[in-house]
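Chain by chain, the residues run as shown.
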Amino acid sequence: MQATKLPGQATLGVMGGGQLGRMFVHAAQALGYRTVVLDPDADSPAGLVAHQHICADYADAAGLAELAAQCDAVTTEFENVPAQALQQLAQTRFVAPAAAAVAICQDRADEKAHFQASGVACAPYAQIRDEAELAAVSDALLPGILKTARMGYDGKGQIRVRNRAELIAGWAELKQVPCVLEQMLPLALELSVISARNAAGQIVQFPVQQNLHRDGILAVTQVPAPAVSAELAAQALAAAARIATELNYVGVLCVEFFVLQDGRLVVNEMAPRPHNSGHYTMNACDVSQFDLQVRAMAGLALNQPRLHSPTVMLNLLGDLWFDAHGQERTPAWAQVLALPGTHLHLYGKASARPGRKMGHLNITAATAAEAEATARAAAALLGLPTQW
């Protein structure tokens, strides 16, 4: 059991310098912690606001040694940090989440095996690691989605395949790396659950979040989830808690689910970190997902979060910084911020490009209907779709 790292008396480190690391740093600093970021980008969003930035590769032995020397506890802001690096840090420092949990999240086949071991249903699937496994794929899994087993995110490393010919071509397109083929299921909607668990096994959870993706990237999150019954929400919360407990997980864990057209709930994937779909917690809850990340890794008590305002979160991609002709522009921030209950979070990235996550907009209101109406007005001002 780790000793409690008290505010104002400890240093917390984070592997990764992106926007999630930046928001973690802000939450840690609000409690008086000193912060250190390890990231190879000299201009990383988190590195620019931390007390110290170690500019080094995630596998750099000297950089990891310096991080361990500076910090009392270390976390990660993304799942593709090398698990071996977390193992090295854990030799001398408390690391949350642990390398073993992150390693499972890094491999889709291991992840699905963990879901099944936790008693949580996922889509039927098959591993494809060689020509023999490709040939042995059951026709029942087609049409399906072919996904690289590792390093896929935001719709990258995924190909929809309708038949065996497309499956063979898709595996070739993905360079014949190890893959998972998932049966394509009739989806009604997508959900996610964010849990925080500490080293003592205590779990707290945010409300179920209803999500809309466009081109594989999260676009809109609504809380309370408008199309989710109390029974389905309870099922999702219980499933996410089992998944975290079976991992012996410490930290913030996001579990994403599909709701099928027949009402069944199946798990899709998990992320061993705060998640885009939880950004609304920064303004709509009394503690945010980043506050709980700090508390879990510092050994502090985890308070059950309270949703105090209905909310909609709009993800802001770099496309907003360009007009229809590809010319750079400034989004209509002044008009958006004139709307009631709008909270703009920009990530401090030096340049925008299509598809790049640049920020998010949280809208809070007294009622879900008011939050929806304001969110649609903001979306119209920004040139985003207003229907979801």
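Rules and cut-offs
Residues numbered from 1 in each chain as written. Predicted model: local features only at pLDDT ≥ 70, side-chain atom pairs only at ≥ 80, totals over all residues. Heavy atoms only, no water. Helix = DSSP H or I, 4+ residues; strand = E, 2+ residues; numbered from the N terminus. Expected span 1.5 Å × (residues − 1). Buried < 20%, exposed > 50% of the residue type's maximum accessible area, 1.4 Å probe, protein only. Salt bridge = Lys/Arg side-chain N within 4 Å of Asp/Glu carboxyl O. Pairing = 2+ DSSP bridges. Axes fitted to C-alpha atoms, helices over the stretch in contact; angles between N-to-C directions. Contact = heavy atoms within 4.5 Å.

S.K.: What is the right way to look at helix 12 (residues 368–382) in this model?
M.R.: Over its 15 residues, helix 12 extends 21 Å from the first C-alpha to the last, a length consistent with the 21 Å expected when each residue adds 1.5 Å. All buried positions along helix 12 are accounted for by Ala 371, Glu 372, Thr 374, Ala 375, Ala 378, Ala 379 and Leu 382. Gly 383 sits one or two positions beyond helix 12 and adopts a positive phi of about 80°.

S.K.: Sorry, what's going on with the pattern of salt bridges here?
M.R.: Close approach of charged atoms lets side chains of opposite charge pair. For the structure on display, the rule yields ten salt bridges. For Arg 129, the salt bridge is made with Glu 133, and the minimal N-O distance between the two is 2.6 Å. Note on Arg 129: relative accessible area 46%, which makes it partly exposed. Glu 133 gets classed as partly exposed once you look at its relative accessible area, which sits at 22%. One salt bridge in this structure joins Asp 262 and Arg 264, with 2.8 Å as the shortest N-O distance. According to the relative accessible area criterion, Asp 262 is exposed, its value standing at 53%. Assessed through its relative accessible area of 49%, Arg 264 is described here as partly exposed. Several salt bridges share partner residues, and in doing so they unite Lys 112, Lys 147 and Glu 182 into one network.

S.K.: Honestly, the pairing of strand 10 (residues 187–197) in this entry has me stumped. Any pointers?
M.R.: A regular strand carries its side chains on alternate faces of the sheet. Burial within strand 10 is extensive, with eight of its eleven residues counted as buried. Here ten bridges tie strand 10 to strand 14 (residues 251–260), and the two strands are oriented antiparallel to one another. Across the sheet, Ala 196 pairs through a bridge with Val 252, a residue of strand 14. The pairing of strand 10 with strand 12 (residues 209–214) spans three bridges and is classified as antiparallel. Bridging from a neighbouring strand, Ser 192 pairs with Gln 209 of strand 12.

S.K.: Sorry, what's going on with the sheet that holds strand 7 (residues 144–148) here?
M.R.: Hydrogen bonds along the backbone pair up the strands of a sheet, which may run parallel or antiparallel. Strand order in the open sheet formed by four strands is 6-9-7-8, and the pairing between neighbours is antiparallel. Taken across any chain shown, the strands that pair with only one partner, and hence form the sheet edges, are strand 6 (125–128) and strand 8 (158–161). Adjacent strand axes in the sheet meet at a mean angle of 20°, parallel and antiparallel pairs treated alike. Running over the sheet, helix 5 (residues 108–117) touches strand 6, strand 7, strand 8 and strand 9 (179–183) and is turned about 145° from strand 6. Where helix 7 (residues 164–173) meets the sheet, its contacts fall on strand 6, strand 7, strand 8 and strand 9, and the angle it forms with strand 8 comes to roughly 165°.

S.K.: Would you mind going over the sheet that holds strand 3 (residues 52–54) with me for this structure?
M.R.: Sheet architecture is open: five strands sit in the order 3-2-1-4-5, paired in parallel fashion. The open sheet terminates on both sides in strands that have one partner only, identified here as strand 3 and strand 5 (94–95). With four bridges joining them, strand 1 (residues 11–15) and strand 4 (residues 73–76) adopt parallel strand pairing. Across the sheet, residue Leu 12 finds its bridge partner in strand 4, namely Ala 73. Each of strand 1, strand 2 (34–38) and strand 4 is contacted by helix 1 (residues 19–30), which is oriented at about 175° to strand 1, the strand it contacts most. Where helix 10 (residues 289–298) meets the sheet, its contacts fall on strand 1, strand 4 and strand 5, and the angle it forms with strand 4 comes to roughly 140°.

S.K.: Can you help me understand the pairing of strand 4 in this one?
M.R.: Across the two faces of strand 4 the burial is the same, with Ala 73 and Thr 75 and Val 74 and Thr 76 all buried. Bridging between strand 4 and strand 5 involves two bridges; their strand directions are parallel. What sits directly across from Val 74, in strand 5, is Val 95.

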